[in-house]
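Single-letter residue listing:
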There are 2 protein chains.
Amino acid sequence: MQPTPSLRNVHAARKRIAGRIHQTPLLSSDTLNQLAGVEVLFKCENLQKSGSFKYRGALNSVLALPAAVRKLGVATHSSGNHGAALAAVAQRLNLPATIVVPHTASKFKQENIRRYGGRIVHCGKTLKSRENKLAEVLADTGASYIPPYDHFDVIAGQGTCALEILEQTTRIDEIWLPVGGGGLAAGTVLATSKPAASNKNVQVVGVEPTLAGEAQVALQTHQRQLPMSPVSIADGLRASLGLMNFKILDNYQLPIHLVSEQEIVDAQRLAMSCLKVVLEPSSAVPLAALLKHGSWGSDSRRVVVILTGGNVELPL
Amino acid sequence: MQPTPSLRNVHAARKRIAGRIHQTPLLSSDTLNQLAGVEVLFKCENLQKSGSFKYRGALNSVLALPAAVRKLGVATHSSGNHGAALAAVAQRLNLPATIVVPHTASKFKQENIRRYGGRIVHCGKTLKSRENKLAEVLADTGASYIPPYDHFDVIAGQGTCALEILEQTTRIDEIWLPVGGGGLAAGTVLATSKPAASNKNVQVVGVEPTLAGEAQVALQTHQRQLPMSPVSIADGLRASLGLMNFKILDNYQLPIHLVSEQEIVDAQRLAMSCLKVVLEPSSAVPLAALLKHGSWGSDSRRVVVILTGGNVELPL
């Protein structure tokens, strides 16, 4: 039985990665405040290194490896932001990174991994094919496997985002974020589990696309669910909750909103127009729900929305 | 003979607009550092209120009006960022704003003005038609004319951006910016005219599209030039230097690079991909030149590029 991380581990992660990540800004927009009916601060992890918050967890996990192990390199299977983040971390630390990617993954995503010097190894579309290919890579290279979310150091690393938020601002009532595998959600729950002097309790609120809404079912039934058919435009959120992530979020009783595909696209367009930052669809999911439902608590005054990533191909 | 503003006026502007603007972040990208061969910090005025640095000059100018005059409202002719900025400032201060716009201006730009509650009055395409219509508006309403760049308080307001840069970072060698009417360039020259304790002299470097390169000619010949045919994709830079702006920049001997339309588009795409912020073409002009020529001084280590605006229609 693996232990789950705690607030103490999030603080340790913060120290470990300090100076090696961007302190991303909190942006706001009068227009969006009016539309949401509450003051909203946007934590721009789309401006993080490698274009998503995933850099935090990847960096923390790689730095936590013993030096002799680390130098053999790292590997994962992910065609998305975790793959790019791990490649970017490895490049920065002068380590080899191998990313197992289905041969059907988009050219844009593969280029994003290559841009950071990641070695791509193709596999088939099934989970079995991915896992077999990854096992081969690990056996061949001695590289360490860094999973995308169901991992002690990844969760602790993702939690550093919320610690930063709590330092950058005061008196916040809620933090809204998208839920996929649950790495960011679990880390944020841990990071906010003990109110800082300047903050009362902060409510974490999760949002999923209806088409990838298994976390809501899992947390309502207290049973992990299989992932749904991978059709949502919010491709970063198609995974189902990891085991460790589920435990933390189930214990917290994370509330979860659902939003439609059209609501996601509308929120993405609106946020890019008002905030002038590039968002991938997954990033717009919490805003879509906030615009629809308003703040979670009726007396909440100030809400932080985490913009999780900006890795999207823009037809410019 | 109108006096030109000085560093003292920029400091006064800073105080006047304090708390009413966003302190925009400085972003960086390892990829862009490598491509430029120098450390580059991007001052994100595209994330400023109304989507451009123009908010600074407009706000400073409106706040500098005597209260009895101010309450009659403000007006300008501009279909671009100055028009949107003035409308946004007026909305914030509960004043009426009238923006004279050629009836041929793009729907996107007109919507950007209306979004901030600006009243649009259409005019013909010629400068004469614009000026006549503006004169009518001023006579009818008693509103104050706030020009886009050739104005004491506008220049002082735009200079506050550089003051902010000097506070946000230390040891910078150069500030690169695009040159149109010269409001931002003149303000920046004033703001950096006396080195702060933490900074040595900072060299200001201007960049224009070759297709709108009249400022380079003006500063080389010490003669103001007529604007060139308005064809560059960098539509914010088609104006020629204002009188006051010319004086300040001619006295400073501002160096100016030129870039092609293709170089602008390439830099825009690259910057959006690496920085994950939305840039209009004018914003990408300095980066295009920096990638082509490298830093101005051969021993420069750290360059700030001002990203001036993000008001562009994205085909999402």
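As the structure is a computational prediction, the values presented were derived from the model and not from experiment.

### Looking at the overall build of chain A
So, step 1. Counting secondary structure elements, chain A contains 13 helices and 10 strands.
So, step 2. Against the compact-globule benchmark of 20 Å for 316 residues, chain A has a radius of gyration of 18 Å, which places it among compact chains.
So, step 3. The C-alpha extent of chain A, read off along each of the three principal axes, is 55 × 40 × 40 Å.
So, step 4. Burial status across chain A gives 60% buried among its 316 residues.
So, step 5. Pairs at least 24 apart in sequence give 74% of the contacts found in chain A among residues at least 6 apart.
So, step 6. Just so you have it, chain A exposes about 12700 Å², and 51% of that area is on carbon and sulfur atoms.

### Observations concerning the nonpolar core
So, step 1. Ranked by internal contacts, the top residues of the largest apolar core, which has 68 residues, are Val 277 of chain A together with Val 277 of chain B.
So, step 2. When neighbours within four sequence positions are excluded, Val 277 of chain A is seen to be in contact with Leu 27, Asn 46, Leu 47, Met 272 and Leu 307 of chain A together with Leu 47, Lys 276, Val 277 and Val 278 of chain B.

### Brief notes about the domain arrangement of chain A
Residues and elements named next belong to chain A.
So, step 1. The domain boundaries assigned to chain A delineate domain 1 (7-51 + 151-307) and domain 2 (55-145).
So, step 2. Placing a centre on the C-alpha atoms of domain 1 and another on those of domain 2 gives a separation of 24 Å.
So, step 3. Of the residues lining the interface, 23 residues belong to domain 1; the matching set on domain 2 comes to 16 residues.
So, step 4. Where domain 1 abuts domain 2, roughly 1600 Å² becomes buried across the two surfaces, and 52% of that area is made up of carbon and sulfur atoms.

### What about the relation of the copies chain A and chain B?
So, step 1. Screw-axis analysis of chain A against chain B gives a translation of 0.0 Å along the axis, an RMSD of 0.0 Å, and a rotation angle of 180°. On the angle and the small slide along the axis, the relation comes out as a two-fold axis. Looking at the rotation axis and the C-alpha trace of chain A, the residue lying nearest is Val 277 of chain A, at 2.0 Å.
So, step 2. Comparing interface residues between copies, 100% of those in chain A also lie at the interface in chain B; the contact surface is shared.

### Details of the sheet that holds strand β7 (residues 174-178) of chain B
Within a sheet, each strand pairs with its neighbour through backbone hydrogen bonds, oriented either parallel or antiparallel.
Residue and element names in this part refer to chain B.
So, step 1. If you trace the 6 strands from one edge of the open sheet to the other, you get β1-β2-β10-β7-β8-β9, paired in mixed fashion. Since the sheet does not close on itself, it has two edges, and those belong to β1 (26-27) and β9 (256-259), each with one partner.
So, step 2. As defined by bridge partners, β7 adjoins strand β10 (residues 302-307) across 3 bridges and the pair is classed as parallel. Bridge pairing in β10 places Ile 175 opposite Val 304.
So, step 3. The strands touched by helix α9 (residues 183-191) within the sheet are β7, β8 (203-209) and β10, with β7 carrying the most contacts at an inclination of about 165°.

### Concerning the sheet that holds strand β5 (residues 119-123) of chain B
Residue and element names in this part refer to chain B.
So, step 1. Taken in spatial order, the 4 strands line up as β5-β4-β3-β6 in an open sheet, and their pairing is parallel. Every interior strand has two partners, whereas the edge strands, β5 and β6 (144-145), have only one.
So, step 2. Of the pairings in the sheet, the one linking strand β3 (residues 74-77) to strand β4 (residues 97-102) comprises 4 bridges and is parallel in character. Looking across to β4, one finds that Val 74 is bridged to Ala 97.
So, step 3. Along the sheet, helix α7 (residues 127-141) contacts β3, β4, β5 and β6; its crossing angle with β5, the most-contacted strand, is approximately 140°.

### Quick look at the interface of chain A and chain B
So, step 1. Counting residues at the interface gives 26 residues for chain A and 26 residues for chain B.
So, step 2. Taken together, the links from chain A to chain B amount to 4 salt bridges.
So, step 3. Across the pair Arg 92 of chain A and Asp 30 of chain B runs a salt bridge, and its minimum N-O distance is 2.5 Å.
So, step 4. Where chain A packs against chain B, one counts 14 residue pairs in polar contact (both at pLDDT 80 or more).

### A short note on the pairing of β3 of chain B
Residues and elements named next belong to chain B.
So, step 1. With burial as the criterion, each face of β3 is covered, one bearing Val 74 and Thr 76 and the other bearing Ala 75 and His 77.
So, step 2. Between β3 and its parallel partner β4, the chain crosses via helix α5 (residues 81-92), and the hand of that crossover is right-handed.
So, step 3. Sheet topology places β3 next to β6; 2 bridges connect them, and they run parallel. Bridging across to β6, Val 74 finds its partner in Ser 144.

### Some details on the environment of Leu 270 of chain B
Residues and elements named next belong to chain B.
So, step 1. For Leu 270, the location among the structural elements is in helix α12 (residues 261-275).
So, step 2. For Leu 270 and Thr 31, which are 239 residues apart along the polypeptide, the C-alpha to C-alpha distance reads 9.8 Å.
So, step 3. Those residues within four positions of Leu 270 in sequence are excluded, and the remaining contacts are Leu 32, Leu 35 and Leu 291.

### Brief notes about the side chain of Glu 164 of chain A
Residue and element names in this part refer to chain A.
So, step 1. Within the fold, Glu 164 resides in helix α8 (residues 152-168).
So, step 2. Under the relative-accessibility criterion, Glu 164 is labelled buried at 2%.
So, step 3. Of note is the side chain of Glu 164, whose polar atom sits 3.5 Å from the backbone nitrogen of Thr 24.

### As for unusual backbone geometry
So, step 1. A positive phi angle, near 60°, is found at Gln 253 of chain A, a position not held by glycine.
So, step 2. With respect to the helices and strands, Gln 253 of chain A occurs in the loop between α11 (243-252) and β9 (256-259).
So, step 3. Positive phi is not limited to glycine here, since His 222 of chain B has a value of about 55°.

### Some thoughts on the pattern of salt bridges
So, step 1. Summed over all chains, the structure comprises 22 salt bridges over all chains.
So, step 2. One salt bridge in this structure joins Glu 167 of chain A and Arg 14 of chain A, with 2.8 Å as the shortest N-O distance. With Glu 167 of chain A in helix α8 and Arg 14 of chain A in helix α1 (residues 7-17), this residue pair connects regions lying 153 residues apart in the sequence.
So, step 3. What makes Glu 167 of chain A exposed here is its relative accessible area of 57%.
So, step 4. Between Glu 164 of chain B and Arg 56 of chain B there is a salt bridge; the shortest N-O distance is 3.1 Å. Highlighted residues: Glu 164 of chain B in helix α8 (residues 152-168) and Arg 56 of chain B in helix α3 (residues 54-64), separated in sequence by 108 residues.
So, step 5. The exposure class of Arg 56 of chain B is buried, given its relative accessible area of 0%.

### A word on the confidence of the model for chain A
So, step 1. Taken as a whole, chain A shows an average pLDDT of 95; of its residues, 98% reach a score of 70 or greater.
So, step 2. Overall fold confidence (pTM) sits at 0.93, and the ipTM for the predicted complex is 0.90.

### Topic: the side chain of Glu 174 of chain A
All names here are of chain A.
So, step 1. Looking at where Glu 174 falls in the secondary structure, it is placed in strand β7 (residues 174-178).
So, step 2. Owing to a relative accessible area of 1%, Glu 174 belongs among the buried residues under this scheme.
So, step 3. Engagement of the side chain of Glu 174 in a polar contact is seen with the side chain of Trp 176, the distance being 2.8 Å.

### Re the packing of helix α3 (residues 54-64) of chain A against α8 of chain A
Residues and elements named next belong to chain A.
So, step 1. Contact geometry of α3 with α8 gives a least axis separation of 7 Å together with a crossing angle of 130°. Between α3 and α8, the crossing angle belongs to the class labelled oblique. Helix-helix and strand crossings are classified by hand; for α3 and α8 the assignment is right-handed. Together, Lys 54, Arg 56, Gly 57, Asn 60, Ser 61 and Ala 64 of α3 and Asp 153, Val 154, Ala 156, Gly 157, Gln 158, Thr 160, Cys 161 and Glu 164 of α8 make up the contact between the two elements.

Calculation rules
- Residues numbered from 1 in each chain as written.
- Chains lettered and ligands numbered in written order.
- Predicted model: local features only at pLDDT ≥ 70, side-chain atom pairs only at ≥ 80, totals over all residues.
- Heavy atoms only, no water.
- Helix = DSSP H or I, 4+ residues; strand = E, 2+ residues; numbered from the N terminus.
- Rg over C-alpha atoms; globule rule 2.2 N^0.38 Å.
- Buried < 20%, exposed > 50% of the residue type's maximum accessible area, 1.4 Å probe, protein only.
- Contact = heavy atoms within 4.5 Å.
- Areas by Shrake-Rupley, 256 points an atom, 1.4 Å probe, with all protein chains shown as cover.
- Core = buried A, V, L, I, M, F, W, Y, C linked by side-chain atoms within 4.5 Å.
- Domains from an automatic or database assignment.
- Buried area = accessible area lost by both parts, 1.4 Å probe.
- Least-squares fit on C-alpha atoms with pLDDT ≥ 70 in both.
- Pairing = 2+ DSSP bridges.
- Axes fitted to C-alpha atoms, helices over the stretch in contact; angles between N-to-C directions.
- Salt bridge = Lys/Arg side-chain N within 4 Å of Asp/Glu carboxyl O.
- Polar contact = N/O pair within 3.5 Å; in protein donor to acceptor, adjacent residues only side chain to side chain.
- Right-handed = clockwise from strand over helix to strand, strands pointing away.
- pLDDT = per-residue confidence, 0-100.
- Parallel < 35°, antiparallel > 145°, perpendicular 65-115°, else oblique.
- Left-handed = near helix turned anticlockwise from the far one by under 90°.

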